[in-house]
Amino acid sequence: MRRINASIAFDKRLWREDIAGSKAHVAMLRDQSIIPAVDAASIIDGLDRIAAEYERDGVPEKVELEDIHMTVEQRLSELIGPAAGRLHTARSRNDQVATDFRLWVRNACQEAIDTIRALQSVLVLRAEEQIETVMPGFTHLQVAQPVSLGHHLLAYYEMLGRDRLRFADTRSRLGQCPLGAAALAGTGFPIDRDSTAAALGFDEPTANSLDSVSDRDFALDYLAAAAQSGLHLSRLAEELVIWASPSFGFVKLSDGFSTGSSIMPQKRNPDAAELVRGHSGRIIGAMMSLMVTMKGLPLAYSKDMQDDKEPVFEARDLMILSLEAIGGMIETIEFVPERMRAAAEQGYSTATDLADWLVREADVPFREAHHITGRAVKLAEEQGRGLADLSLAELQRIDARIDERVYDVLGVEASMNSRTSYGGTAPARVREQIAAAKKALGL
Ligand code: ARG
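Source: prediction; values computed, not measured. (Residues numbered from 1 in each chain as written. Predicted model: local features only at pLDDT ≥ 70, side-chain atom pairs only at ≥ 80, totals over all residues. Heavy atoms only, no water.)

**Student:** So what about the overall build of the protein chain? Which residues, and what values?
**Tutor:** A count of helices and strands for the protein chain gives 19 helices and 6 strands. Computed over C-alpha atoms, the radius of gyration of the protein chain comes to 30 Å, more than 25% over the 22 Å expected from 2.2 N^0.38 for 443 residues, which places it beyond the range of a compact globule. A principal-axis box enclosing the C-alpha atoms of the protein chain has dimensions of 100 × 55 × 40 Å. Here the protein chain holds 443 residues, and 52% of them are scored as buried. (Helix = DSSP H or I, 4+ residues; strand = E, 2+ residues; numbered from the N terminus. Rg over C-alpha atoms; globule rule 2.2 N^0.38 Å. Buried < 20%, exposed > 50% of the residue type's maximum accessible area, 1.4 Å probe, protein only.)

Okay, here's the thing in structure tokens:
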């Protein structure tokens with residue numbers, strides 16, 4: 001029974017929040033004359049000493065004390081004697097753990113926002129070096145149109161920006177304090193919930209005691225935000241795996257962020273990227289785990305809810321580690337522009353430019369231009385050549401309206417430079433986006 005009941009092994013991570021919550025509670029009990037001031041003073045002093053002990057030595061793990069709340073209270077009674085017994089007046093572990101966990105998740109949101117921002121900064125600074133670098137843009141992982149590598153990296157800046165907003169949004173719904181809901185029904189003691197809420201940095205107390213102790217939406221919101229962020233990191237990780245493969249050769253991983261093989265000396269493996277890709281599955285799993293835990297629970301508290309913490313802690317650890325590992329990889333990666341350019345040229349990535357040229361310069365309807373271009377690509381393919389390698393005579397045999405000005409758009413740089421619409425890949429546009437991103441990040 002003791003072993004299945006205990007949560008101390010993981011909820012000890014809440015010790016700072018638990019002590020902060022207890023200090024706010026006891027000060028309120030004193031101010032409301034619910035407990036004597038001398039006992040309140042000795043409890044607060046004792047809690048400070050416990051905090052110093054835990055800071056120095058860590059939290060002792062005794063399964064018979066079950067959880068962090070009992071562990072702190074037990075230590076308090078060892079330190080100050082019977083007055084410790086007054087701390088738990090007008091409160092329950094149910095509102096206590098709900099308060100502690102909310103405080104923890106609130107800090108975790110800020111940490112996530114800061115860590116995501118750090119990765120965004122790395123991406124923007126690397127993108128700034130690669131504005132003019134041409135790479136193939138892909139659809140279906142088939143070469144589509146030439147794009148700027150800087151533009152490609154900035155796509156992840158955008159995704160991460162939305163992730164940051166999701167954590168900010170989660171935090172914005174963490175403004176109510178459940179402390180004082182007690183076990184589930186409130187309390188008959190004349191407590192002041194506004195004062196404990198304010199002391200802990202909340203805007204106001206929660207309005208319904210049943211909801212207060214049984215709500216874990218904030219944890220689910222955090223997990224959903226983490227899952228989405230992990231998913232974005234996994235897509236970037238997947239690109240790094242592909243780019244680093246010898247067949248692509250778009251990047252060289254740094255020694256610091258790659259591993260060798262135990263038997264194949266030539267290998268330089270993208271383990272960190274693969275693990276980020278793998279970890280994202282576990283983060284999504286953590287979200288699923290808590291959703292499934294919660295979905296069948298009647299009001300109010302059920303012990304199943306003790307299982308809320310491990311998925312959140314695991315998701316947090318994996319996400320922060322993944323953000324830092326991807327940041328390290330991107331910071332130290334070597335791009336190989338020659339390989340990217342060659343791949344962009346190989347794939348007839350300027351076919352759309354030929355079609356657009358026919359529309360613009362020869363007034364050909366787009367569908368017909370598309371068909372003419374298809375014939376040009378077919379001819380080039382048969383001869384193992386690029387579009388720009390076809391002679392004017394060859395092109396004119398396909399359609400007589402083509403003239404020598406077409407060569408201005410058949411090169412990959414010309415193609416990239418021409419995509420000047422807002423949000424497009426032309427270096428001029430990318431430069432503007434980088435300037436905006438740097439401003440937003442304070443770089
Ligand atoms: N360790 C428990 C948890 O994490 C604290 C609440 C216990 N409450 C109870 N009524 N058994 O959920």
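And the narrative resumes.
**Student:** Describe the site of the ligand, listing the residues and the values that go with them.
**Tutor:** As a matter of local geometry, the ligand sits amid S7, D11, D67, H69, R93, N94, V97, Y301, Q306 and K309. Within the side chain of N94, a nitrogen or oxygen atom sits 2.9 Å from a nitrogen atom of the ligand. Contact with the protein chains removes 86% of the 350 Å² of surface that the ligand exposes when unbound. For the shell around the ligand, the leading source of residues is helix 6 (residues 93–129), giving 3 residues. Partitioning the shell around the ligand into residue classes produces 2 nonpolar, 4 polar and 4 charged. (Near = heavy atom within 4 Å. Polar contact = N/O pair within 3.5 Å; in protein donor to acceptor, adjacent residues only side chain to side chain. Areas by Shrake-Rupley, 256 points an atom, 1.4 Å probe, with all protein chains shown as cover. Nonpolar A, V, L, I, M, F, W, Y, C, P; charged D, E, K, R; others polar.)

**Student:** Help me get a handle on helix 19 (residues 427–441), residues and values and all.
**Tutor:** With 15 residues, helix 19 should reach 21 Å at 1.5 Å per residue; the first-to-last C-alpha distance of 21 Å fits that figure. Residues P427, R429, V430, I434, A437 and L441 constitute the buried set of helix 19. The buried residues of helix 19 all sit within an arc of 150° when viewed along its axis, so they share a single face. The first or second residue beyond helix 19 is G442, which carries a positive phi of 70°. (Expected span 1.5 Å × (residues − 1). Arc of directions from axis to C-beta.)

**Student:** Would you mind going over the packing of helix 6 against helix 7 (residues 149–172) in detail, with residue names and values included?
**Tutor:** Put simply, helix 6 and helix 7 touch, their axes get as near as 9 Å, and they point 165° apart. Taken as axis vectors, helix 6 and helix 7 run roughly antiparallel relative to one another. When the axes of helix 6 and helix 7 are compared, the crossing they make is left-handed. (Axes fitted to C-alpha atoms, helices over the stretch in contact; angles between N-to-C directions. Parallel < 35°, antiparallel > 145°, perpendicular 65-115°, else oblique. Left-handed = near helix turned anticlockwise from the far one by under 90°.)

**Student:** For unusual backbone geometry, give the residues involved together with the corresponding values.
**Tutor:** The omega angle of the peptide bond from L299 to A300 is 0°, so this bond is cis rather than trans. Within the secondary structure, A300 is located in the loop between helix 11 (271–295) and helix 12 (309–332). One non-glycine residue, A90, lies in positive phi territory at about 60°. Within the secondary structure, A90 is located in the loop between helix 5 (68–80) and helix 6. The residue Y348 is not glycine, and still its phi comes out positive at about 55°. For Y348, the position within the fold is in the loop between helix 13 (337–346) and helix 14 (351–362).

**Student:** Quick one: what's the story with the pattern of salt bridges, residue by residue and with numbers?
**Tutor:** Applying the stated rule across the entire model yields 39 salt bridges. Here D317 ties to R316 by a salt bridge, and the two come within 2.6 Å at their closest N and O atoms. Here D317 falls in the partly exposed class, since its relative accessible area comes to 29%. A salt bridge links R419 to D353; its shortest N-O distance comes to 3.3 Å. In this pair, R419 is assigned in the loop between helix 18 (412–418) and helix 19 and D353 in helix 14, connecting sequence segments 66 residues apart. Exposure remark for R419: the relative accessible area of 18% places this residue in the buried category. Residues joined by salt bridges that share partners form a network here, namely R13, E111, R316 and D317. (Salt bridge = Lys/Arg side-chain N within 4 Å of Asp/Glu carboxyl O.)

**Student:** So what about the packing of helix 3 (residues 15–31) against helix 6? Which residues, and what values?
**Tutor:** Relative to each other, helix 3 and helix 6 sit at 120°, their axes nearing to 9 Å. It follows from the interaxial angle that helix 3 and helix 6 lie oblique. For the pair helix 3 and helix 6, the crossing hand works out as right-handed. Side by side, helix 3 and helix 6 meet where E17, D18 and S22 of the first sit next to Q96, D100, L103, W104 and N107 of the second. Class assignment for the residues of the contact of helix 3 with helix 6 results in 2 nonpolar, 3 polar and 3 charged. (Contact = heavy atoms within 4.5 Å.)

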